[in-house]
Amino acid sequence: MRIVTSVSGMQRLAKQWRGHGVGVACVPTMGYLHGGHLSLVREARRRVGRAGKVVVTIYVNPTQFGPQEDLSHYPRDFTSDCRLCRAAEVDVIFAPSDQEMYPGNAESRFSTYVVEEQLSQGLEGAARPTHFRGVTTVVAKLFNCVLPEVAVFGAKDWQQAAVVKRMVANLNFPLKIVVAPTVRERAGLALSSRNRYLDAAQRAQATILHHAIQRAQAAVKRQAQSAAQLKADLKKFITTAPLARLDYVEFFDPETLAPVTKVFCGAHIAIAVFFGKTRLIDNGRL
Ligand code: AMP
């Protein structure tokens, strides 16, 4: 496994692979890798096979964090990430520095952003106004470094995957976006790097997100529901976890991400909940 830290080094390698007709799959991450990330690595390998190359990018991207968010203390453990990637037979970790991605020198002052203007408006985009501009910008930059033919994202961040797919289609990036299922702990909590912020009591109650999704699934299975009523029911349900503070619960069309007023089988639910300062998100198909 190689560790590449410069944009030029990654591009050189990617061009060599391209020249030899080697397929490349990219898994963009912010590191502090867990089983969810590793499932994306396995999917990436399935897509390109033994002869192809799997590149995991590890970069905590400052432009996708708001001013009050957790950029400075976002968890990092590069040694563990390398060990996990090696065990998962990743070919290359691309781990650029901030200086490499957003150089501060006068010649290369950073002033170009990629902005998706539709799918990124609601849900996380409403709660975190500059978030998706940072995501689309960094993902476009990473694609231009790794030159993958396929990139794997997690359904855990459903809106992110939808926004990236739209960007790829709109800007004619020559690659396919694959979305892999959310990996959960046995009790239902979706794996997330941010789970490490939770203390034992918060962690025990954090399964409320998954349970709320299951509650909505059960309700919709019986019959279509009014979104307003189901939302009110779930808000009340979430108060049964006293450490949880609901940010939002929304029902939406999984393709357009437009809110639905009538919740039916096949619609999607997204939930964001604070435990102290830690903000967890989850979603599911109903
Ligand atoms: P992150 O490092 O949190 O930015 O996530 C990197 C990628 O891993 C994104 O595509 C996420 O959607 C995906 N991911 C994060 N958690 C999970 C999970 N529990 N199951 C599957 N994919 C995940």
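What counts, and where the lines are drawn
- Residues numbered from 1 in each chain as written.
- Predicted model: local features only at pLDDT ≥ 70, side-chain atom pairs only at ≥ 80, totals over all residues.
- Heavy atoms only, no water.
- Helix = DSSP H or I, 4+ residues; strand = E, 2+ residues; numbered from the N terminus.
- Rg over C-alpha atoms; globule rule 2.2 N^0.38 Å.
- Buried < 20%, exposed > 50% of the residue type's maximum accessible area, 1.4 Å probe, protein only.
- Contact = heavy atoms within 4.5 Å.
- Areas by Shrake-Rupley, 256 points an atom, 1.4 Å probe, with all protein chains shown as cover.
- Salt bridge = Lys/Arg side-chain N within 4 Å of Asp/Glu carboxyl O.
- Domains from an automatic or database assignment.
- Buried area = accessible area lost by both parts, 1.4 Å probe.
- Polar contact = N/O pair within 3.5 Å; in protein donor to acceptor, adjacent residues only side chain to side chain.
- Nonpolar A, V, L, I, M, F, W, Y, C, P; charged D, E, K, R; others polar.

Student: Explain the overall build of the protein to me, please; I cannot follow it from the model alone.
Tutor: Scanning the protein from N- to C-terminus turns up 10 helices and 11 strands. Taking 19 Å as the expected radius of gyration for a compact globule of 286 residues, we find that the protein reaches 19 Å, a close match to that expectation. For the C-alpha atoms alone, the extent of the protein along its principal axes is close to 55 × 40 × 40 Å. Relative to its full complement of 286 residues, the protein shows a buried share of 53%. In the protein, the proportion of contacts linking residues at least 24 apart, taken out of those at least 6 apart, comes to 72%. Accessible surface computed for the protein: about 13900 Å², of which carbon and sulfur atoms make up 50%.

Student: Would you mind going over the pattern of salt bridges with me for this structure?
Tutor: Side chains carrying opposite charge are able to pair once their charged atoms draw close together. This model, assessed by the stated rule, comprises 13 salt bridges. Residue arginine 279 is joined to glutamate 124 by a salt bridge in which the shortest nitrogen-to-oxygen separation is 2.8 Å. Of this pair, arginine 279 sits in strand E11 (residues 278–285) while glutamate 124 sits in helix H5 (residues 123–127), placing them 155 residues apart in sequence. Classification of arginine 279 by relative accessible area gives buried; the value is 16%. Within this structure, Glu43, Arg46 and Arg47 form a network of salt bridges that share partners.

Student: Got a minute to help me understand helix H3 (residues 78–87) in this structure?
Tutor: An α-helical turn contains 3.6 residues, so a residue and the one three or four places further along point in the same direction. When H3 is considered as a whole, its buried residues turn out to be Ser80, Asp81, Cys82 and Cys85. Of the surrounding secondary structure, the elements contacted by the buried residues of H3 are strand E1 (2–4), strand E3 (53–58) and strand E4 (92–94). Phi turns positive one or two residues past the end of H3, at glutamate 89, with a value near 60°.

Student: Looking at this structure, how should I read the domain arrangement of the protein?
Tutor: Often, the extent of an interface is quoted as the loss of accessible area on bringing the components together. Each domain of the protein was delimited in the assignment, giving domain 1 (2–180) and domain 2 (193–281). For domain 1 and domain 2, the distance between their C-alpha centres works out to 27 Å. The partner domain 2 presents 17 residues to the 19 residues of domain 1 that form the contact. Roughly 1500 Å² is buried in total at the junction of domain 1 and domain 2, and carbon and sulfur atoms are behind 57% of that figure. On the surface where domain 1 and domain 2 come into contact, there are 10 residue pairs in polar contact (both at pLDDT 80 or more). At the level of secondary structure, the elements contributing two or more residues to the side of domain 1 that touches domain 2 comprise H5 and helix H7 (158–170). Of the residues in the side of domain 1 that touches domain 2, the class split is nine nonpolar, five polar and five charged.

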